[in-house]
Amino acid sequence: MLLFAATSNSGKMREFALAAADLPDCEIAPLPGFRELPAVEESGTTFEENARIKAVHYSGFTGELVFAEDSGLVVDALDGAPGVYSARFAGGGASDAANNHLLLERLRGAEDRTAHFECVIALARQGNVLATFEGSMEGSILHEPRGTSGFGYDPLFFHAPCGRTTAELTAAEKFPISHRGQAFRALLRWLNRGDGARL
Ligand code: IMP
């Protein structure tokens, strides 16, 4: 089965590609020509809305199955921010470093540093959403970055069961426990069950 991923985020694609390497019957590839396709505004107020918006839009450009995901960091002391604005927390086109810097600024003096990552994947074909899948990962925000792998907020996101930030985990260590990995495995289970068999 061929699944196209509608993402230009190389960090996400790296994680999906790694997961797909273990799947005998499933090929995952970036949606061909993704960067040249017209972009769609992520105007939703929830991860699910944005995942659906992207899946509907990008699956219109191919007859194959397409999945899109929306994810982000939810910080309790910031009332859920940056949430769906995680990629653009410090402004449109902001770098990971700028977003991380702003996060530390906003959390200066905060005692409660608990947070979680959330991910929703929407699977679609030719403009119709077939199903959505969710995952989340609990952690807390450190006072300074640690580790160099991963992307986004990984250097600040401490996952207590591992005793490391997600930037100190390899992609192979992160995907089995991450929000994205959970949502992706739910997608695979759905495809392997009766639901996906008729696709
Ligand atoms: P999206 O491309 O609109 O879904 O933006 C997702 C943003 O959330 C990313 O740019 C990161 O800033 C953040 N994010 C989502 N998942 C992760 C993760 O696994 N590690 C670190 N940051 C993440």
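Overview of the structure. (Residues numbered from 1 in each chain as written. Predicted model: local features only at pLDDT ≥ 70, side-chain atom pairs only at ≥ 80, totals over all residues. Heavy atoms only, no water.)

1. Structural notes on the nonpolar core
Core analysis: the biggest nonpolar cluster contains 23 residues, and Leu3, Phe67, Leu123, Phe184 and Leu187 have the highest contact counts within it. Sorting the residues of this core by element identifies β1 (2–5), α1 (10–20), β3 (65–75), β4 (114–125), β5 (128–141) and α5 (179–192) as the ones contributing at least two each. Counting residues per element, this core draws most heavily on α5, which supplies 7 residues. Once residues lying within four places of it in the same chain are set aside, the contact partners of Phe184 are Phe16, Ala19, Leu23, Ile28, Phe67, Ile121 and Phe175. Among the nonpolar cores identified, the runner-up in size contains 17 residues, and Phe4, Phe34, Leu37 and Ala68 belong to it. (Core = buried A, V, L, I, M, F, W, Y, C linked by side-chain atoms within 4.5 Å. Buried < 20%, exposed > 50% of the residue type's maximum accessible area, 1.4 Å probe, protein only. Helix = DSSP H or I, 4+ residues; strand = E, 2+ residues; numbered from the N terminus. Contact = heavy atoms within 4.5 Å.)

2. Thoughts on the site of the ligand
Surveying the vicinity of the ligand reveals 17 residues, the closest of which are Lys12, Asp154, Lys174, His179 and Arg180. Between a nitrogen atom of the ligand and a main-chain N or O atom of Tyr153, the distance comes to 3.1 Å. His179 is positioned such that a nitrogen or oxygen atom in its side chain is 3.1 Å from a nitrogen atom of the ligand. Structurally, the ligand is housed in the largest pocket. With 4 residues, the top contributor of residues to the shell around the ligand is β3. The residue inventory of the shell around the ligand, partitioned by class, reads 4 nonpolar, 5 polar and 8 charged. (Near = heavy atom within 4 Å. Polar contact = N/O pair within 3.5 Å; in protein donor to acceptor, adjacent residues only side chain to side chain. 1 Å grid on protein atoms, 1.4 Å probe; cavity = no way out; pocket = protein on both sides within 12 Å on 5 of 7 lines; lining within 4 Å. Sits in = over half its atoms within 2 Å of the grid points. Nonpolar A, V, L, I, M, F, W, Y, C, P; charged D, E, K, R; others polar.)

3. Overview of the packing of aromatic side chains
All chains considered together, the criterion is met by 8 aromatic pairs. Aromatic side chains Phe16 and Phe175 sit 6.2 Å apart centroid to centroid with 80 degrees between the ring planes, which places their arrangement in the edge-to-face category. Of this pair, Phe16 sits in helix α1 while Phe175 sits in the loop between α4 (171–174) and α5, placing them 159 residues apart in sequence. As far as the burial class goes, Phe16 and Phe175 line up, both buried. Taken together through their ring pairs, the aromatic side chains of Phe16, Phe67, Phe175 and Phe184 make up a single cluster. (Phe/Tyr/Trp six-rings, centres within 6.5 Å; stacked < 30°, edge-to-face > 60°.)

4. Concerning the environment of Phe34
Mapped onto the fold, Phe34 is located in the loop between β2 (27–30) and α2 (47–59). For Phe34, a relative accessible area of 14% translates into the label buried. Excluding residues within four positions of it along the chain, Phe34 makes contact with Ala6, Thr7, Ser8 and Tyr58.

5. Notes on the pairing of β4
Taken across its 12 residues, β4 has 9 buried, putting it largely inside the fold. Of the pairings in the sheet, the one linking β3 to β4 comprises 10 bridges and is antiparallel in character. Opposite Gly72, over in β4, you have Glu118 as the bridge partner. In terms of strand pairing, β4 meets β5 through 12 bridges, oriented antiparallel. (Pairing = 2+ DSSP bridges.)

Note that all results are geometric; they support no functional claim without further evidence.
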